[in-house]
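Inside the fold
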Amino acid sequence: MWAVSIALIPAFVASVTFFGPRALAVLAVGVLSCVLTEAFIQAFMLKKPVSVSDGSAVVTGLLLAFNIPVSIPLWMVAVGGFVAIGIGKMAFGGIGNNPFNPALVGRAFMTTSFAAPMTNWRLPLVFDGSTGATPLGIIENAASTGMSAIQSELPGYFDMFIGNIGGSLGETSALAILLGGIFLIARGLIDWRTPVFFLGSLAAFTGIFWGIAPESYADPLFHVLAGGAMLGAWFMATDMTTSPMSRNGRIVFAVGAGLLTGVIRLFGAFPGGVSYAILIMNALVPAIDSHIRPKRFAQGALHEKA
Amino acid sequence: MSKTFPMGGIHPPDTKISAAAPITPLAIPAEVVIPLGQHIGAPAEAIVKAGDKVKAGQLIAETAGFISANIHSSVSGTVKKIDDVADPCGYSKKAVYITVEGDEWAEGIDRSSTLKKEITLDREAIVEKIKAGGIVGMGGASFPTNVKYMIPEGKTADTLVINGVECEPYLTADHRLMLEYADEMLVGVEILRVALGVEKAVIGIEENKPDAIKLLTEKSAEYAGITVESLHMQYPQGAEKQLIKACTGREVPSGKLPIEVGCAVNNVGTAYAVYQMVQKNQPLVERVVTVTGKQVSKPSNFLVRIGTSYAACIEAAGGLPEDTGKVISGGPMMGMAVADLSIPVAKGTSGILMLPKAESVRPEVEHCIRCGACVSVCPMGLEPYLLEKFARADKWDQAEQRAATDCMECGCCSYACPSGRPLLDYIRIAKGEINNRRRARASQ
Ligand code: SF4
Ligand code: SF4
């Protein structure tokens, strides 16, 4: 799990660069609350050896902090960390047994409990850190207003790529996420198919609507770079405990998460859909695992027999 | 791109530290203990009794059933008793104890090193002779070789696959045999090709043995039917189905034998033993055994008379290192830890490996973190994590439904599991249960 933390370093650096020293405080509280919650539950409630040194709580803490805005009160971050580990992970029996991505459980709890602070987005420091909408927030009503009316408000693709836009701490810089993701693939720690099929199906889905009505819908590249798509595809959907075991199962999972993200973004009540899309697919993992099995040796012969 | 099998597999460090050690005959011990069940199938029935004089190469126990193998004395001397001895798994088996006197061979056995190339026997006679010589698969499984060459009605073979892969780390017995007895081995391959009644024989060798690939490619040029296939290194390439896939591209279906796709597979050691029996009348009474380990002072490849104790082999390789935590019969992946070093070398003993203490401790078993590593390394496309779960919960039907019996016990899953879970141990239990239940169903 420590390798995942290493892979998150570029996104860490990007978040502090773009959102300033307060980002550091949010990250620190996120990580500490997760690690302490895990240690506390293991030591005092389960009376078991403390396993925080496996690095998994650190990853949860980082990912949780990456998924929330920089302006959030720190105590809320601590509550989110407590929920992520306490309910998202330990209540299910600890590492390996949790069906949902703990960081996303924490985030979902925070979005429903602290709705306003969780959407109080700040622009990066270069824009004086003032309150501002995220790209997805800007296009939320594009279907009625038309894309051309809001075009001037949207950031350029280059800014979206490097992360010079409003949004959650760690989700804005596609470049930083990509660096970490490539590291994980090179180390053989994640299956490249997950991010590729996730983003690919999101692009395909949004691309169809854009192709039909470009004046009402943003283009697929925008959707891939905006919001939590990159962070979700590379770091949340690839979480091994909460994704399927077989290669084909992971493809189904990734495509499902990509499509759901598209559906929520275009038709849902709120602009961001990645975390709910992944949570829904998390819930389907047992079904995917029982129906989609790995390819057997001499699979062809099995079919002949049947 | 050299060939290999397409799915699963691992790359353990190959640690072939005895690769340069030439095959040397091990001194004949004062006593040998020859088990009657050294093969898969029914143990042979002893035809000697205490006090009988025997010569090396003399038949001392006969096949007892269709799948069984003859046993010959590996030494000359007097039968001391017929009594129990432990096998590498610790089970008691009957064995013939012989006190060694001199080294006299039974009549008709040609112990000279003259190469005899010309094959005079026909198919049936060869298979009969292989059976008489008590020859079994020498790669470890010890399946009676003659049985493989009795092709079931309705099936035809077209390719003989010879296993020179030796994909287990540490082991070098086959490698040395290919280098030092290439001519004899090739004649053995030719004999097996005739016995199978096919035109083509492919010898598969992994790339970590370039010298053997080169030598056998050169030498096999004079045999029209034999080719050498250089294979990309990957464990478990020596497994029958994986080797056939790598060498011929064919896939043996679940629950079927190689003959289903027109193949038979034998190991290079078996080919050599076949040469010895068919050309020189020498039954299977000795074999090459790799005796090795990181702290062993003289990692060696010995030509050992069957029935010699493990302890004698270890002594000859410089003795048991002080730091030894485990002694393994076979290689580190598929071998068995042995508790008692007085047990005898059998026909299937490919190596004796001494692992230092640090490498012998089992890691602490942690929770399954659902990383999927076991699934992606399984060469058979199984779900080891799930089979383990079913086995722990006695859910034999589910384990059967998820094809537990396809598992060939390569151990890749346990090797790859970051949580140190003993996956294969549980899958073995599941396989045993499923097979018992199938037998019970069949006998109803
Ligand atoms: S399940 Fe069996 S065949 Fe598959 S990796 Fe494990 S031991 Fe090998
Ligand atoms: S390799 Fe081990 S930890 Fe990973 S899925 Fe398999 S059993 Fe679980």
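Remember, predicted model here, so these are calculated numbers, not experimental data. (Residues numbered from 1 in each chain as written. Chains lettered and ligands numbered in written order. Predicted model: local features only at pLDDT ≥ 70, side-chain atom pairs only at ≥ 80, totals over all residues. Heavy atoms only, no water.)

Residues and elements named next belong to chain B. The strand order across the open sheet formed by 3 strands is β3-β5-β6, and the pairing between neighbours is antiparallel. Across the chains shown, the open sheet's two edge strands, defined by having one partner strand only, are β3 (45-46) and β6 (71-72). As paired elements, strand β5 (residues 59-62) and β6 share 2 bridges and run antiparallel to each other. Along β6, the bridge assignment pairs Leu59 with His72. (Pairing = 2+ DSSP bridges. Helix = DSSP H or I, 4+ residues; strand = E, 2+ residues; numbered from the N terminus.)

This paragraph deals with the pattern of salt bridges. Residue and element names in this part refer to chain B. One pass over the structure, following the stated rule, counts 37 salt bridges over all chains. The closest approach of N and O atoms between Lys94 and Asp84, which form a salt bridge, is 2.8 Å. Of this pair, Lys94 sits in strand β8 (residues 92-100) while Asp84 is found in strand β7 (residues 77-86), placing the two residues 10 residues apart along the sequence. Take Asp84: its relative accessible area is 35%, and that puts it in the partly exposed class. (Salt bridge = Lys/Arg side-chain N within 4 Å of Asp/Glu carboxyl O. Buried < 20%, exposed > 50% of the residue type's maximum accessible area, 1.4 Å probe, protein only.)

Looking now at the confidence of the model for chain B. On average, residues of chain B score 94 in pLDDT, and 100% of them are at 70 or above. The ipTM assigned to the predicted complex is 0.85, against a pTM of 0.88. (pLDDT = per-residue confidence, 0-100.)

Moving on, we get to the packing of helix α4 (residues 56-66) of chain A against helix α6 (residues 102-113) of chain A. Residue and element names in this part refer to chain A. With their axes 8 Å apart at the nearest point, α4 and α6 run at an angle of 40° to one another. In this structure, the crossing between α4 and α6 has a hand that is right-handed. Along its contact with α4, which presents Thr60, Leu63 and Leu64, the element α6 presents Pro102, Ala103, Gly106, Arg107 and Met110. Its residues placed into classes, the contact of α4 with α6 shows 5 nonpolar, 2 polar and 1 charged. (Axes fitted to C-alpha atoms, helices over the stretch in contact; angles between N-to-C directions. Left-handed = near helix turned anticlockwise from the far one by under 90°. Contact = heavy atoms within 4.5 Å. Nonpolar A, V, L, I, M, F, W, Y, C, P; charged D, E, K, R; others polar.)

Residues and elements named next belong to chain B. Sheet architecture is open: 4 strands sit in the order β2-β8-β7-β4, paired in antiparallel fashion. The sheet terminates laterally at β2 (31-35) and β4 (53-54), the two strands that pair on one side only. Two strands pair when backbone bridges link them, and β4 and β7 are joined in this way by 2 bridges, in the antiparallel orientation. Pairing of Lys53 across the sheet is with Thr78, part of β7.

We now examine the domain arrangement of chain A. All names here are of chain A. Along its sequence, chain A is organised into domain 1 (2-118) and domain 2 (144-291). Across the boundary between the two partners, domain 1 contributes 33 residues, which contact 30 residues of domain 2. Contact with domain 2 buries area across many residues of domain 1, yet Phe18, Phe19 and Leu104 alone supply 22% of it, more than any other trio. Counting across the interface, domain 1 meets domain 2 through 0 salt bridges. Applying the counting criterion to the domain 1 and domain 2 interface returns 7 residue pairs in polar contact (both at pLDDT 80 or more). (Domains from an automatic or database assignment. Buried area = accessible area lost by both parts, 1.4 Å probe. Polar contact = N/O pair within 3.5 Å; in protein donor to acceptor, adjacent residues only side chain to side chain.)

What follows covers the confidence of the model for chain A. Per-residue confidence for chain A gives a mean pLDDT of 89; residues scoring 70 or more make up 95%. Model confidence for chain A, summarised as mean pLDDT per element, is weakest for helix α18 (residues 299-305) of chain A at 68 and strongest for helix α5 (residues 74-86) of chain A at 96.

So, on to the site of ligand 1. Residues and elements named next belong to chain B. Lining the immediate surroundings of ligand 1 are 13 residues, of which Cys378, Cys407, Cys410, Gly411 and Cys413 lie closest. Elements supplying a minimum of two residues to the shell around ligand 1: α13 (412-416) and α14 (423-443). Class assignment of the residues belonging to the shell around ligand 1 gives a composition of 11 nonpolar, 1 polar and 1 charged. (Near = heavy atom within 4 Å.)

Attention now moves to α6 of chain A. Residue and element names in this part refer to chain A. In this model, α6 (12 residues) spans 16 Å end to end at C-alpha, consistent with the 16 Å of a helix rising 1.5 Å per residue. Looking at the buried side of α6, the elements it contacts are α4, α5, α7 (115-118), α15 (229-236) and α17 (274-291). Two or three places before Ala103, at the start of α6, stands the capping residue Asn101, its side-chain oxygen 3.2 Å from that residue's backbone nitrogen. (Expected span 1.5 Å × (residues − 1).)

On to the interface of chain B and chain A. Contact with chain B, which involves 25 residues of that partner, is made by 24 residues of chain A. Of the roughly 2100 Å² buried between chain B and chain A, counting both surfaces, carbon and sulfur atoms make up 56%. The three residues of chain B that bury the most area against chain A are Ile369, Arg370 and Arg402 of chain B, which together make up 30% of that side's buried surface. With a shortest N-O distance of 3.9 Å, Arg293 of chain A and Glu383 of chain B are connected by a salt bridge. Linking chain B with chain A are 9 residue pairs in polar contact (both at pLDDT 80 or more). Per-element accounting of the side of chain B that touches chain A gives the leading share, 3 residues, to helix α6 (residues 240-248) of chain B. Its residues placed into classes, the side of chain B that touches chain A shows 12 nonpolar, 6 polar and 7 charged.

Before going further, it helps to spend a moment on the domain arrangement of chain B. If you check the domain split of chain B, you get domain 1 (26-109 + 283-357), domain 2 (123-280) and domain 3 (373-443). Here the C-alpha centre of domain 3 of chain B lies 31 Å away from the C-alpha centre of domain 1 of chain B.

All names here are of chain B. Pairing geometry for β2 and β8, over 5 bridges, is antiparallel. Within β8, the residue paired with Val33 across the bridge is Tyr97. Here β7 runs beside β8; their pairing, made up of 9 bridges, is antiparallel. Residue pairing across strands places Val85 opposite Lys93, the latter belonging to β8. Hairpin connection of β7 to β8: 5 residues between the antiparallel strands, including Gly90 at a positive phi of 100°.

Turning next to unusual backbone geometry. Residues and elements named next belong to chain B. Cis geometry marks the peptide bond from Tyr235 to Pro236, where omega comes out at 0°. Secondary-structure assignment places Pro236 in the loop between β11 (226-231) and α6. For Tyr170, which is not a glycine, the phi torsion comes out positive at approximately 75°. Residue position: Tyr170 is located in the loop between β9 (159-164) and α3 (173-180). Phi angles above zero are rare outside glycine, and Asp394 is one such case at about 55°.

Of all hydrophobic cores here, the largest spans 78 residues; its most connected members are Leu63, Ile139, Leu169, Phe198 and Phe235 of chain A. Of the residues forming this core, the biggest block, 8 residues, is contributed by α4 of chain A. Of the domains in this structure, domain 1 (2-118) and domain 2 (144-291) of chain A are the two that each give at least three residues to this core. Setting aside anything within four residues of it in sequence, one finds Phe235 of chain A in contact with Val4, Ala7, Leu8, Leu63, Ile177, Gly180, Gly181 and Leu184 of chain A. Within the second largest apolar cluster, 41 residues are counted, among which are Val187, Leu196, Ala273 and Leu284 of chain B. (Core = buried A, V, L, I, M, F, W, Y, C linked by side-chain atoms within 4.5 Å.)

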